Amino acid sequence: KGILNKSNDYEGLKVLVTAGPTREPIDPVRYISNHSSGKMGYAVAKAALERGACVKLVTGPVNIAPPPGAEVVCVTTAVEMHNEVMKSYGDFDIIVMVAAVADYRCASVAERKIKKSGEKLTLELVKNPDIAAELGKVKGSRILVGFSAETDNLLENAALKLASKNMDMIVANDVTMEGAGFGVDTNIVKLIKRDGSRIDLPVMSKEGVAHRILDEVLSIKNG
Ligand code: CTP
Ligand code: CA
């Protein structure tokens, strides 16, 4: 198991992965988004494929190629990602939510380009559906894994999300650390399980992190 040994320990398992940012339109030429590159989510999808899983990747707009062999559904907004995930999760054993979903969208999207006018502009935003939290309520025996990208109070914030969204494991990711987070090829994370146990990983490639996540998911699944 792990990065070097391509075992088939995920054969027969179906894994749903969300990845990338979402993009929330303001008008026909502008949007609200975030710095997610999609690299971590795509690495999870690739690692699961290498281990024999059947993988569906629901991805926001990114600039990287999806791993060959995955069923890929491209979405733009959080609402689209929500709709796609809610209609397909039933077929899956394991759901890994790596996407950086925008928490809010514009209350109304302007039909035409908003022209520059006064000194201030206020946009009204409304909350997006929380896909992970919704899945937490309906997941049954499925394994639900989330990510928690934080700039402060990493462990406290991650533990709160793990509990409130009824996840089985959360990947706590301090995005302020060098070698971690958005855009780079490495990451530094802590894996926190429902039973309170924690694994602090050193700086690793995103592929390496993906395999460690999958190792722990399998150990939760196999009790
Ligand atoms: N998530 C989701 N749908 C959302 C927001 C988040 O599915 N609308 C998922 C993310 O994919 C991630 C987990 O929930 O796996 C935690 O996301 P995060 O943004 O850290 O948590 P929030 O609950 O949105 O809290 P905040 O942004 O305030 O820290
Ligand atoms: Ca959020």
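Residues numbered from 1 in each chain as written. Chains lettered and ligands numbered in written order. Predicted model: local features only at pLDDT ≥ 70, side-chain atom pairs only at ≥ 80, totals over all residues. Heavy atoms only, no water.

As recorded in an unreviewed UniProt entry, the protein chain goes by Coenzyme A biosynthesis bifunctional protein CoaBC and comes from Acetivibrio thermocellus.

**Q** Explanation requested: the overall build of the protein chain in the structure shown.
**A** Counting its regular elements, the protein chain contains five helices and 14 strands. Against the globule reference of 17 Å for 223 residues, the protein chain gives a C-alpha radius of gyration of 18 Å, in line with a compact fold. Seen along its three principal axes, the alpha-carbon backbone of the protein chain occupies a region of about 60 × 35 × 30 Å. Every one of the 223 residues in the protein chain was classed for burial, and the buried ones make up 46%. Of the roughly 11300 Å² that the protein chain leaves accessible, carbon and sulfur atoms contribute 51%. Each charge class in the protein chain was averaged separately, 29 positive and 28 negative side chains, and the resulting centres sit 3 Å apart. (Helix = DSSP H or I, 4+ residues; strand = E, 2+ residues; numbered from the N terminus. Rg over C-alpha atoms; globule rule 2.2 N^0.38 Å. Buried < 20%, exposed > 50% of the residue type's maximum accessible area, 1.4 Å probe, protein only. Areas by Shrake-Rupley, 256 points an atom, 1.4 Å probe, with all protein chains shown as cover. Lys, Arg positive; Asp, Glu negative; His and termini not counted. Charge placed at Lys NZ, Arg CZ, Asp CG, Glu CD.)

**Q** I'm lost on the layout of surface pockets in this one. Help?
**A** Sizing a probe to match a water molecule and rolling it over the atoms shows the empty space that remains. If you add up the space inside the largest pocket, you get close to 990 Å³. For the largest pocket, the lining is made up of 44 residues, of which Ala99, Ala100, Val101, Phe147 and Ala149 are closest to its centre. Of all the secondary-structure elements, those providing two or more residues to the lining of the largest pocket are helix H1 (39–50), strand S8 (125–127), helix H3 (131–138), strand S9 (143–150) and strand S10 (169–174). Top contributing element to the lining of the largest pocket by residue count: S9, with five residues. (1 Å grid on protein atoms, 1.4 Å probe; cavity = no way out; pocket = protein on both sides within 12 Å on 5 of 7 lines; lining within 4 Å. Points joined across faces, edges and corners; volume = space filled by probe spheres on them.)

**Q** I'm lost on the environment of Pro202 in this one. Help?
**A** Within the secondary structure layout, Pro202 lies in the loop between strand S13 (198–200) and strand S14 (204–205). Sequence separation between Pro202 and Lys190 is 12 residues; the distance between their C-alpha atoms is 8.8 Å.

**Q** Is there a simple way to explain the nonpolar core in this structure?
**A** In globular proteins that are soluble, nonpolar side chains generally tend to be buried together. Membership of the largest hydrophobic core comes to 34 residues, with the highest contact counts inside it found for Tyr10, Val15 and Ile213. Contact partners of Val15, with chain neighbours within four places excluded, come to Tyr10, Ala48, Ala53, Cys54, Val55, Lys56, Phe92, Ile94 and Val96. Counting 22 residues, the second-largest nonpolar core is a separate cluster that includes Ala99, Leu135, Leu144 and Leu154. (Core = buried A, V, L, I, M, F, W, Y, C linked by side-chain atoms within 4.5 Å. Contact = heavy atoms within 4.5 Å.)

**Q** Where do I start with the pattern of salt bridges in this structure?
**A** Pairs may arise between side chains of opposite charge once their charged atoms sit close together. Here the structure, examined in full by the defined rule, presents 17 salt bridges. Residue Asp200 is joined to Lys190 by a salt bridge in which the shortest nitrogen-to-oxygen separation is 3.6 Å. Of the two residues, Asp200 is situated in strand S13 and Lys190 in strand S12 (residues 189–193); the sequence distance between them amounts to 10 residues. Take Asp200: its relative accessible area is 39%, and that puts it in the partly exposed class. With a relative accessible area of 24%, Lys190 lands in the partly exposed category. Notably, a salt bridge pairs Asp215 with Arg212, separated by 3.3 Å at the nearest N-O pair. Linking Asp215 with Arg212, this pair stays in helix H5 (residues 206–221), spanning three residues, or about one helical turn. (Salt bridge = Lys/Arg side-chain N within 4 Å of Asp/Glu carboxyl O.)

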